[in-house]
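# Understanding the architecture of this molecule
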Amino acid sequence: MAALNIGTGASSHSAYDLRDHHETAERSHTLAVIVDNEAGVLARVIGLFSGRGYNIDSLTVAEIDHAGHRSRITVVTRGTEAVIEQIRAQLSRIVPVHQVTDLTTEAVAVERELALFKVQGKGDARIEALRLAEIFRANVVDSTLESFVFEITGAPEKIDAFADLMRPLGLIDVARTGVAALARGI
């Protein structure tokens, strides 16, 4: 009789597999952090991420209340539910932080990003780039005889798809703002 080829531990199809697969699954989370608009706050928030080895996929910051001197930091990061909860708890303990919201789990959110794409091309590649820009509702914000600069807004996935289609047509540079997000409803 041949030996069974079973590795250490149970497979995911075993009745004896007691691991919580949702706990170990990393996923992207969008965190909205309302802070005092004062010197050093952004450095403290970002220092929390770097000091603990958490990566930031996207970061946007802007003042949202001039009179109250408040800013909104939108951070997109990846991690398990436990890691994200740890990040939220640690952010909440920083003194100038007023509110931390996980827009991925607490609310249905609208996420948008702005990007600029410089595409070089002549002839058919130039015509194809303009055709795709029209399909993606990208605006031409600069044009020369040999290149275009397109402006596009949308979900990060839309920006990624546009970039993938522009690469073979002569994409030479990209600038992205990062994700801005708000919860839907009241």
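Bear in mind that the values here come from a model prediction, so they are computed numbers and not experimental data.

Considering the arrangement of structural elements, one finds Val 41 in helix 2 (residues 41–51). A relative accessible area of 2% means that Val 41 is categorised as buried. Spatially, the C-alpha atom of Val 41 lies 8.9 Å from that of Ile 94, the residues being 53 residues apart in sequence. In contact with Val 41, other than residues within four places in its own chain, are Val 35, Asp 36 and Pro 96.

Next up on the list: the packing of aromatic side chains. Overall, the coordinates contain five aromatic pairs when judged by the stated rule. Centre to centre, the rings of Phe 49 and Tyr 54 are 6.4 Å apart; their planes meet at 80 degrees, and the pair counts as edge-to-face. By relative accessible area, which is 1% here, Phe 49 ends up buried. Consider the rings of Phe 117 and Phe 162, whose centres lie 5.0 Å apart with planes at 75 degrees: the pair is edge-to-face. With Phe 117 in strand 5 (residues 109–120) and Phe 162 in helix 5 (residues 156–166), the pair connects residues that are 45 residues apart, well separated along the chain. For the residue pair Phe 117 and Phe 162, the accessibility class agrees, reading buried in each case. Feature note: the residues Phe 117, Phe 136, Phe 148, Phe 150 and Phe 162 constitute an aromatic cluster, connected by ring pairs.

Of the residues in the chain, 87% have a pLDDT of 70 or more, and the chain-wide mean is 88. For the chain, per-element mean pLDDT is lowest for helix 1 (residues 21–24), which scores 58, and highest for strand 7 (residues 147–154), which scores 97. This model gives residues 8–12 a pLDDT under 50, and the stretch forms seven contacts once residues within four places in sequence are excluded.

The subject of this paragraph is the nonpolar core. The biggest cluster of nonpolar side chains holds 17 residues, and the ones touching the most others in it are Phe 117, Val 119, Phe 150, Ile 152, Phe 162 and Met 166. At the level of secondary structure, the elements contributing two or more residues to this core comprise strand 5, helix 4 (123–135), strand 7 and helix 5. The greatest single-element share of this core, amounting to four residues, is contributed by helix 5. Sequence-distant contacts of Met 166, defined by excluding residues within four places in its chain, comprise Val 119, Ala 129, Leu 132, Ala 133, Phe 150 and Leu 171. Counting residues in hydrophobic clusters, the runner-up holds 16 residues, among them Val 33, Val 35, Tyr 54 and Val 75.

The rules behind the values
Residues numbered from 1 in each chain as written. Predicted model: local features only at pLDDT ≥ 70, side-chain atom pairs only at ≥ 80, totals over all residues. Heavy atoms only, no water. Helix = DSSP H or I, 4+ residues; strand = E, 2+ residues; numbered from the N terminus. Buried < 20%, exposed > 50% of the residue type's maximum accessible area, 1.4 Å probe, protein only. Contact = heavy atoms within 4.5 Å. Phe/Tyr/Trp six-rings, centres within 6.5 Å; stacked < 30°, edge-to-face > 60°. pLDDT = per-residue confidence, 0-100. Core = buried A, V, L, I, M, F, W, Y, C linked by side-chain atoms within 4.5 Å.

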